Amino acid sequence: QVVLVESGGGLVQAGDSLRLSCAAPGRRFSTYAKGWFRQAPGKDREFVGAITSNGGNVYYAKSVKGRFTISRDNAKNTVDLQMDNLKPEDTAVYYCAASSFATALALYVTEYDYWGQGTQVTVSA
């Protein structure tokens, strides 16, 4: 079942910024590791970035490091993905995920047991 809700996607030009947000209505995820993934048409879902339950550690895919920033607000039960200097190759459906069993950073799809429905990000050249 869908328990996470992403928002903030859209159509932008190369070099622009977008901020995605992920909320969990009616469920507390403050103790869960969180992550962002993306999936372009015809490709596998790929890791974008991850953050530990307390927000103390983050890790990014090489392709987005230095441009994307993950943050979380456990009081608001949200996790955000700030995306700067967007490139056409960032075009994909972006998913947030939560892991009830990861004890640190979770980098793989199989480490997550809760997912959102995804939000489309399209970057034109």
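Small disclaimer: the values here were computed from a predicted structure and weren't measured.

(A) A look at the sheet that holds strand E1 (residues 5-7). Across the sheet, 4 strands lie side by side as E1-E3-E8-E7; this open sheet has antiparallel pairing. The open sheet has two edge strands with one neighbour each: E1 and strand E7 (68-73). Taking the axes of each pair of neighbouring strands and ignoring which way they run, one obtains an average angle of 15 degrees across the sheet.

(B) Quick look at the nonpolar core. The biggest cluster of nonpolar side chains holds 39 residues, and the ones touching the most others in it are Leu 4, Phe 29, Trp 36, Phe 68, Leu 81, Met 83 and Tyr 94. Mapped onto this core, the elements with two or more residues apiece are strand E3 (18-23), strand E4 (33-39), strand E5 (46-51), E7, strand E8 (78-83), strand E9 (92-99), strand E10 (114-115) and strand E11 (119-124). Ignoring any residue separated from it by four or fewer positions in sequence, one finds Phe 29 in contact with Val 3, Leu 4, Ala 24, Lys 34, Arg 72, Asn 77, Ala 98 and Tyr 114.

(C) Quick peek at the packing of aromatic side chains. A full pass over the atoms with the stated rule returns 8 aromatic pairs. Ring centres of Phe 29 and Tyr 32 lie 4.9 Å apart, and the angle between their planes is 85 degrees; on these two criteria the pair is classed as edge-to-face. Tyr 32 shares its class with Phe 29; the two are buried. Taken together through their ring pairs, the aromatic side chains of Phe 37, Phe 47, Tyr 59, Tyr 112 and Trp 115 make up a single cluster. Between the NZ or CZ atom of Arg 45 and the centre of the ring of Tyr 95, over which it lies, the distance is 3.7 Å. A cation over an aromatic ring shows up here: Arg 45 above the ring of Trp 115, its NZ or CZ 4.9 Å from the ring centre.

(D) Here's a closer look at the pattern of salt bridges. Using the criterion set out here, one finds 4 salt bridges in the structure. Where Glu 46 meets Arg 38, a salt bridge forms, and the shortest distance between an N and an O atom there is 2.5 Å. Residue class for Arg 38 comes out buried when judged on its relative accessible area of 6%. Notably, a salt bridge pairs Asp 90 with Arg 38, separated by 2.9 Å at the nearest N-O pair. Of this pair, Asp 90 sits in the loop between E8 and E9 while Arg 38 sits in strand E4; the two residues are 52 residues apart in sequence, bridging distant segments of the chain. By relative accessible area, Asp 90 is classed as buried at 1%. One network of salt bridges, with partners in common, ties together Arg 38, Glu 46, Arg 67 and Asp 90.

(E) Seen up close, the state of the cysteines. All chains considered together, the criterion is met by 1 disulfide. With a sulfur-sulfur separation of 1.9 Å, Cys 22 is cross-linked through a disulfide to Cys 96. Because the sign of the S-S torsion sets the handedness, a value of about 50 degrees for the bond joining Cys 22 and Cys 96 places this disulfide among the right-handed ones. One end of the pair, Cys 22, is in strand E3; the other, Cys 96, is in strand E9, and 74 residues separate them in sequence. Cys 22 sits in the buried class, given a relative accessible area of 1%. Residue Cys 96 is classed as buried on the basis of its relative accessible area of 0%.

Rules used in this analysis
- Residues numbered from 1 in each chain as written.
- Predicted model: local features only at pLDDT ≥ 70, side-chain atom pairs only at ≥ 80, totals over all residues.
- Heavy atoms only, no water.
- Pairing = 2+ DSSP bridges.
- Helix = DSSP H or I, 4+ residues; strand = E, 2+ residues; numbered from the N terminus.
- Axes fitted to C-alpha atoms, helices over the stretch in contact; angles between N-to-C directions.
- Core = buried A, V, L, I, M, F, W, Y, C linked by side-chain atoms within 4.5 Å.
- Buried < 20%, exposed > 50% of the residue type's maximum accessible area, 1.4 Å probe, protein only.
- Contact = heavy atoms within 4.5 Å.
- Phe/Tyr/Trp six-rings, centres within 6.5 Å; stacked < 30°, edge-to-face > 60°.
- Lys NZ or Arg CZ within 6 Å of the ring centre and 35° of its normal.
- Salt bridge = Lys/Arg side-chain N within 4 Å of Asp/Glu carboxyl O.
- Disulfide = S-S within 2.5 Å.

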